[in-house]
Amino acid sequence: DASPNAPAWSIRFDRTRFNEFMFATGDCKKWMIAPRPSVLGWYANGQRRILKSSVKGSPYFARWYRRKNSRHDPHLTLR
């Protein structure tokens, strides 16, 4: 089912080679594509590259958090 009301799903990535992540809200109104190195690693208030998103169609940077001991991270934003 391709509708925004379809059940949530995921696939395993532990044995799959990939270089980009795509994140989206359940209704797909907000989304972003980011290079793998922007998402992985540890950073706090770090400038991370977004390739394209629902707010901008060309590459730009946003401040994100992915701290080792924070249960609430990662915290990824569109701006």
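Below is a short write-up of the structure. (Residues numbered from 1 in each chain as written. Predicted model: local features only at pLDDT ≥ 70, side-chain atom pairs only at ≥ 80, totals over all residues. Heavy atoms only, no water.)

### What to know about the pattern of salt bridges
- Counting across every chain of the model gives 2 salt bridges.
- Residue Arg 12 pairs with Asp 14 through a salt bridge whose shortest N-O separation is 2.3 Å. In terms of burial, Arg 12 and Asp 14 fall into one category: exposed. (Salt bridge = Lys/Arg side-chain N within 4 Å of Asp/Glu carboxyl O. Buried < 20%, exposed > 50% of the residue type's maximum accessible area, 1.4 Å probe, protein only.)

### Here's the deal with the side chain of Arg 48
- Tracing the backbone shows Arg 48 in strand E3 (residues 43-50).
- The charged side chain of Arg 48 is buried without a salt bridge, its nearest counter-charge being Asp 73 at 11 Å.
- Those residues in contact with Arg 48 that sit more than four places away from it in its chain are Pro 37, Ser 38, Leu 40, Tyr 43, Tyr 60, Phe 61, Ala 62 and Trp 64. (Helix = DSSP H or I, 4+ residues; strand = E, 2+ residues; numbered from the N terminus. Lys, Arg positive; Asp, Glu negative; His and termini not counted. Contact = heavy atoms within 4.5 Å.)

### Some remarks on the packing of aromatic side chains
- With the rule as written, the count across this model stands at 3 aromatic pairs.
- In textbook terms, an aromatic cluster arises when at least three aromatic residues are bridged by ring pairs, as seen for Phe 13, Phe 18, Phe 21 and Phe 23.
- We note Arg 36 situated over the ring of Phe 18; from NZ or CZ to the ring centre the distance is 4.5 Å. (Phe/Tyr/Trp six-rings, centres within 6.5 Å; stacked < 30°, edge-to-face > 60°. Lys NZ or Arg CZ within 6 Å of the ring centre and 35° of its normal.)

### Thoughts on the sheet that holds strand E2 (residues 31-35)
- As summarised here, the arrangement of the 3 strands in space is E1-E2-E4, forming an open sheet in which the pairing is antiparallel. Both outer strands of the open sheet, strand E1 (20-24) and strand E4 (52-53), are each paired with one neighbouring strand and no more. (Pairing = 2+ DSSP bridges.)

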